[in-house]
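Observations on chain architecture
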Amino acid sequence: MGTQVTYGPNLPEIASEFIEPYAQRFFMMQLESVNFGLITPQQARDYLTGVNYFISVFGGLHAKIATSNVYDKFSNMTDEQ
């Protein structure tokens, strides 16, 4: 028996004003988690990469640009920074 994937061919973008507050809060959660030693910087980069990809596929244009600017800057930092 195979797996069936549901697919919506014409899914609308998630409006930037709806998704950006979640992206901002998630980013802050990752920074706080690294600061408190709950996760490693690499784990935070991995989580942010996944969210960045999700928003780049489903988010509105402003959310795509804003998220990639902030998330990419963090992802390119060293662990010490």
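Up top is the structure.
Here we summarise the structure given alongside this text. (Residues numbered from 1 in each chain as written. Predicted model: local features only at pLDDT ≥ 70, side-chain atom pairs only at ≥ 80, totals over all residues. Heavy atoms only, no water.)

Quick look at the overall build of the protein
Note the following rule: A helix here means a DSSP run of H or I that spans at least four residues, while a strand means a run of E at least two residues long, and both kinds are numbered starting from the N terminus. In this setup the radius of gyration rests on C-alpha atoms only. A globule is expected at 2.2 Å times the number of residues raised to 0.38.
A count of helical and extended segments in the protein gives three helices and zero strands. Of the regular secondary structure in the protein, the N- to C-terminal order runs α-α-α. In terms of overall size, the protein is more extended than a compact globule, its C-alpha atoms giving a radius of gyration of 15 Å where 81 residues would be expected to give roughly 12 Å. In terms of overall dimensions, the protein has a C-alpha envelope of 45 × 40 × 20 Å along the principal axes.

Section: helix α2 (residues 41-58)
Counted only if it meets this: Here the expected span of a helix is defined as 1.5 Å times the quantity of residues minus one. Burial classes: relative accessible area under 20% of the type maximum marks a residue as buried, over 50% as exposed, and values in between as partly exposed (1.4 Å probe, protein chains only). The reported arc concerns the directions from the helix axis to the C-beta atoms and nothing else. Only heavy atoms matter for contacts: two residues are in contact if any of them lie within 4.5 Å across the pair.
The terminal C-alpha atoms of α2 lie 26 Å apart, and with 18 residues this matches the ideal 26 Å at 1.5 Å per residue to within 8%. Regarding α2, the residues found buried are Ala44, Arg45, Leu48, Asn52 and Ile55. Angularly, the buried residues of α2 cover 95° about the axis, an arc narrow enough to put them on a single face. For α2, the secondary structure elements touched by its buried residues are α1 (16-35) and α3 (61-75).

Concerning a nonpolar patch on the surface
Operational definition: Each patch is built from salt-bridge-free residues with over 30% relative accessible area, joining like charges within 9 Å and nonpolar side chains (Val, Leu, Ile, Met, Phe, Trp, Tyr) within 5 Å. Where accessible areas are quoted, they stem from the Shrake-Rupley method and a 1.4 Å probe; at the residue level, only the protein chains shown are allowed to cover. Whenever a carboxyl oxygen of Asp or Glu lies within 4 Å of a side-chain nitrogen of Lys or Arg, that contact is scored as a salt bridge.
Taken together, Leu11, Ile14, Phe18, Tyr53, Phe54, Val57 and Phe58 make up a surface patch of nonpolar side chains, about 700 Å² in accessible area. Here the element with the most residues in the nonpolar patch is α2; it accounts for four residues. Relative to the elements of secondary structure, Tyr53 occurs in helix α2.

Everything listed is a geometric property; what it means functionally is a separate question.
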